[in-house]
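Structure assessment
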Amino acid sequence: MIQFVARRLLATVPLLFFVSVVVFSFVHVLPGDPAILFLGEEATPETLAQFRARLGFDRPLSTQYLEWLGRAVRGDLGRSLRTNQPVTEAILQRLPVTLELLGAALAVSLAIAIPAGIVSAVKRNSGVDLASTVFALVGFSLPNFWLGLILIYVFALLLRWLPPSGFVPLPAVADNAKSLILPALTLGTALAALVTRQLRSGMLEVLRQDYVRTAQAKGLSQGVVVGKHALKNALIAVVTVVGLQIGGLLGNTIITESLFALPGVGRLMIDAVFSRDFFIVQGVVLFLAVGYVLSNLIVDVLYSYLDPRIRLG
Amino acid sequence: MKGWVRLVALAVVVLAAVPATVVAQTRGGSIRIGMDADTTTMDPHRSTAAVDRQVYNNVYGKLVDIDARFGIVPQLAQSWEIKGGGLVYVFKLRRGVKFHDGTDFTAEIVKWNFDRMRDPALASARRSEIAPVKDVKVVDPLTVEITLSAPFAPFLSVLTDRAGMMVSRAAVEKYKDDFARNPVGTGPFRFVEWVKDDHLTLKRFDGYWESGLPHLDEAVYRPIPDSSVRFTAMRTGQIDIMHQIHPKDVGTAKAERGVKVSEIASLWWQGLHLNNQVAPFTNKAIRQAVWYAVDRNVVQRVAYFGSGAPAWGPFPPSMWAQDRDFTDWKRDPVKAKAKLADGGMPNGFAFTVKGWNQPIQIQELQIVQAQLKELGVDMKIELLEFGALLADLNSHNFVALRIGWSGRPDPDGNAHVFLHSKGGLNRVRYSNSRMDELLDQARSEADQAKRKVLYAQVTRLAAEDAPYIWLHHDAEVKVWAEHVKGFEHISDGMMRFKGVWLDKR
Amino acid sequence: MMDPASLRAIALRQFRRSWVGQVGAILVVLFLIVTVLAPLLAPYDPIATDFANVLSPPTRTHPLGTDDIGRDILSRVIHGSRVSLQAGLFTVAVALTVGLPLGLLAGFRGGRVDDLIMRGIEVILSFPTLVLALGITAVLGPKLIHALFAIGIVFVPHFARLIRAQVLTVKENDFIAAAEALGASDVRVMRLHVLPNCLAPILVQSSFSIAFAILTEAALSFLGLGTQPPTPSWGIMLAMGRGYLEQAPWLGAFPGLAIFVTVLGFNLLGDGIRDALDPRLKT
């Protein structure tokens, strides 16, 4: 186990290195010239040169990269071109909101998917099965920004049960929860659909296997069978799906935060894109990519814990 | 017996009436303000965004203020005297005024503030507003004498805005550039924190010079750029007062229980800036073509749901300077086509307009886009976040740019900065010596009737040269929850919270 | 070795039996008909404004109502399908153009070339899709083509991996080894044995990718970073409708429904083909 984790960690280091190269090249190598985008095509050559010099864009790329990497490793991602706020500070300020949203979305989707998946596998071809199968097929194709609008329309505008947008930070627990219900549903539905589907087919497969049939033949009640054998194996399927979907979840956070005006990392990025605040964009992309790589690592470790066969591979 | 009944009835009536009439102004509470955009900087001498002034009006004291009738009233200056044919202003300052950092507000500080605004190194947006100021002299610790180089009728009016806002010298010297995020003024509220794009919090300043004020403990500004979302936040009680409601929602707001709506004429104009130094708008005929091609009445009816007024110049209907004979223009596609031919582009041309990524602005631009399309003019729309749009405006980085002007109580503030060749906000780099003459004359003239004639000429010349395509004069609408008491709605649209209290029972 | 013809027959039979695939196929065909016939089907010019008739609810003259500057929503939804199809096809084209040679190269050459390509792919996979697409559009400027290109690049790994896996499977076959021993070139092996086998998985992947591309184009346009007005894109229409959720819910309802149905169609089609190809997966 430890050996596996160590090997996985070691493989992550070069990956992160290449990720940093890609993120760096965003601002520096891609055809768009940040100086022109920022100052405009009418800017005089002098002001452009000044801008480049101020940001150190006039030096060799390799020097710039190494310096940038050196600072990035120490947590310094530069400063916002608009507000002069350190990028890291801006990200950390908004991180709790994003993490809370992600956690809430995960919780909501599992709360929907686990019962739906289990019941539909155990009670095959029942009404519940049909409903959750349709949900599993359809939920994944729902554009989350449209779903979000529908939820706002129904629950905030028509029924007025929940706020249409905005974020109430902790420690106001009740208001905080209220402000996150709709965003969490918006973000979590697609995942819920996928997990339901995977859980259902995973459980069916297990239920068909010989040892389960034997257990049933030996007279163990269905509840015990499902609980003891099927569920553990099916959970592996859940971890797989969730692991595969972290990237999609992170991306959709941006849309959800923008739709519900949540002051998270995603909205920071959108605002920065519209402000052409490249260092914020660069910082957020790097931050999210690193976060993604690390969460994949965690999923892998979790996975190997649940299913020891993986470790051999 | 009958009399007794009447007495009881009277008593009941009186008792019932008591809460409505004699409610004490309760101390405490926090007011949540829904804003259309985030503050861009907290340094009033560097600010170029209307939204900033909202917060400033509660953080910074000004030498003078305006009231609901556009009258100039004392604030940090207790009284003033105008001498020397309008060239010398002597201000008597209020005694015992303190900044939030504990330093004293004195004549010395006033002088230092003016020096700061006039310092070319600071590149203050205030510099051109107070360009006529020649000299600031400290007469005694509480008396300042300001000498102008020429009579300047709008001077006091200018001081009701950011140019009159006094910042703490100690704080500027301590924080330097970071003063923009650590503001210190003399206003009723002091700055606490600012989480960009989320909230900006002010707390009651206990050392405020007006005794017993403010009533509120706290004011929290929340930028909610989406107007529908902001309005829903208002209706669901997440905010107590909202700035800038979308005109489509005004009807709904008026019908809403527990919500108060106030609609008055504003000082705003909305319009397109055409960069006079960049092709094709270097060509006057091409600018005129756009002028004739756009139907302001459609803009008003469709994008603004009939509220406010179509704009044919810089002066809104609320201003005495507006030339009423000049407000019933119509779109003229034939003339527009002819102007295109005059300008050597009979089949149209293409250009990009930059705008704010907000629904009403997008809608307005799409209307203009459709109307120009009929003439073969292909207008592309590039949307930006407000701060970036402003930065592009200030650095002349646009061919055309759509933005609004919140307006000033004196007509000079709606025209001079934009139309004078040396105007501080003349980002389109328009220059016409006749226009300069008219504007200079109008600002040095004290007689309003004479000024009105001059401004009528300004309006006509601006229509002829078409450096801007004015589109709309907004209505100034504020919406607040019923429990917000004591709010005075003033045409400049600034929300002053020192006299506001919450009646939450 | 099974005869490909009979394999195809089994697959087709399976596909016909799966209602999922059929529903998907019907939706996709409908979508394609709409895109092809858009100018004939749309009752109005999708960018023509009627300022006297804004925010009209659905009526007989405007079956889906009009938008905030008086454009016919039905016509815009119909024409919007073209933007979506464009998005889908363009991104899959980008992904295939880059992914196919990469996958083949990695599979055939193996060794260091394979390592390098797989490492590169892993790097692309280290970015959440939308984040990468947003980052690229941020630097290149908000234009549809940039967004589509970005999405296409993000899809490259999926295609490259799929093709590489197929190459490896084929290479393990004895008869290929025999053919190579007999002097058949890589190109010949590729043309005769690898590509035909790749077709079905590529089809499945393309169907999912088109669905995802349509969704992503709509998302970027919704955020204001994809298609620019006045071009009718479902994402833009939805963004506009967002402001009139209360006064005119039809503004956002129909384009949203269009995105949903189209994406659903391509996803179900992909599911259907996959199930048909690999009956074991079907439960």
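Predicted, not measured: the structure shown is a model, and the values here were computed from it. (Residues numbered from 1 in each chain as written. Chains lettered and ligands numbered in written order. Predicted model: local features only at pLDDT ≥ 70, side-chain atom pairs only at ≥ 80, totals over all residues. Heavy atoms only, no water.)

**Notes on the domain arrangement of chain B**
All names here are of chain B. By domain assignment, chain B separates into domain 1 (2-10 + 28-32 + 188-266 + 476-502), domain 2 (60-171) and domain 3 (269-473). Domain 2 and domain 3 are separated by 32 Å when their C-alpha centres are compared. Of the roughly 940 Å² buried between domain 2 and domain 3 on both sides combined, carbon and sulfur atoms contribute 59%. Contact with domain 3 buries area across many residues of domain 2, yet F70, A153 and P154 alone supply 36% of it, more than any other trio. Across the domain 2-domain 3 interface, the total number found is one salt bridge. Across the pair D161 and R408 runs a salt bridge whose closest N-O atoms are separated by 3.2 Å. Viewed at the interface, domain 3 and domain 2 are joined by three residue pairs in polar contact (both at pLDDT 80 or more). Partitioning the side of domain 2 that touches domain 3 into residue classes produces seven nonpolar, three polar and two charged. (Domains from an automatic or database assignment. Buried area = accessible area lost by both parts, 1.4 Å probe. Salt bridge = Lys/Arg side-chain N within 4 Å of Asp/Glu carboxyl O. Polar contact = N/O pair within 3.5 Å; in protein donor to acceptor, adjacent residues only side chain to side chain. Nonpolar A, V, L, I, M, F, W, Y, C, P; charged D, E, K, R; others polar.)

**Observations regarding the interface of chain A and chain C**
Accessible area lost when the parts come together is the quantity often used to give the size of an interface. Taken together, the contacts link 48 residues of chain A with 43 residues of chain C. Taken over both partners, the interface formed by chain A and chain C buries close to 4,000 Å², and the fraction arising from carbon and sulfur atoms is 79%. Scanning the region where chain A abuts chain C turns up one salt bridge. For R197(A), the salt bridge goes to D271(C), with nearest N and O atoms at 2.8 Å. (Contact = heavy atoms within 4.5 Å.)

**Quick notes on the interface of chain A and chain B**
Tallying the contact residues gives 25 residues for chain A and 28 residues for chain B. A buried area of about 2,200 Å², summed over both sides, lies between chain A and chain B, and 48% of it is on carbon and sulfur atoms. At the junction of chain A and chain B, the tally comes to three salt bridges. Between R160(A) and E256(B) there is a salt bridge, with the nearest N and O atoms lying 2.9 Å from each other. For the pair chain A and chain B, the interface holds four residue pairs in polar contact (both at pLDDT 80 or more). Only helix 2 (34-39), helix 5 (87-122) and helix 11 (265-275) of chain A provide two or more residues apiece to the side of chain A that touches chain B. Ranked by residues supplied to the side of chain A that touches chain B, first place goes to helix 11 of chain A with four residues. (Helix = DSSP H or I, 4+ residues; strand = E, 2+ residues; numbered from the N terminus.)

**A short note on the nonpolar core**
Counting 149 residues, the largest nonpolar core has F145(A), M269(A), V284(A), V285(A), F127(C) and I259(C) as the members making the most contacts within it. With 14 residues, the top contributor of residues to this core is helix 12 (residues 278-306) of chain A. Counting 130 residues, the second-largest nonpolar core is a separate cluster that includes L63(B), Y292(B), I469(B) and M240(C). (Core = buried A, V, L, I, M, F, W, Y, C linked by side-chain atoms within 4.5 Å. Buried < 20%, exposed > 50% of the residue type's maximum accessible area, 1.4 Å probe, protein only.)

**A look at the pattern of salt bridges**
Tallied over the entire structure, the rule returns 44 salt bridges over all chains. A salt bridge links K137(B) to E145(B); the shortest N-O distance between them is 3.5 Å. Given the relative accessible area of 43%, K137(B) is considered partly exposed. For E145(B), a relative accessible area of 18% corresponds to the buried category. Salt-bridge contacts for R71(C) lead to D67(C); the nearest nitrogen and oxygen are separated by 2.9 Å. This pair shows no difference in class: R71(C) is buried, exactly as D67(C) is. Put simply, R160(A), R235(B), E256(B) and E246(C) are held in one network by salt bridges that share partners.

**With respect to the sheet that holds strand 8 (residues 189-195) of chain B**
Residues and elements named next belong to chain B. One open sheet accounts for seven strands, arranged 8-9-10-1-11-19-12; its pairing is mixed. The open sheet is flanked by strand 8 and strand 12 (259-265), the only strands paired with a single partner. Here the strands of the sheet are splayed against their neighbours by 20° on average, with no regard to which way each runs. Where strand 9 (residues 199-204) meets strand 10 (residues 218-223), four bridges bridge the pair, whose relative direction is antiparallel. Residue L200 lies in a different strand from strand 10, and its bridge partner there is Y221. Across the sheet, helix 6 (residues 227-235) touches strand 1 (30-35), strand 11 (241-243) and strand 19 (475-481), and the angle it forms with strand 11 is around 165°. (Pairing = 2+ DSSP bridges. Axes fitted to C-alpha atoms, helices over the stretch in contact; angles between N-to-C directions.)

**Here we look at the environment of L148(B)**
Residues and elements named next belong to chain B. Mapped onto the elements, L148 comes out in strand 7 (residues 143-148). Considered as a pair, L148 and V88 are 60 residues apart in the sequence and their alpha carbons are 6.2 Å apart. Leave out the neighbours within four places in its chain, and L148 touches G86, L87, Y89, P132, V133, K134 and F155.

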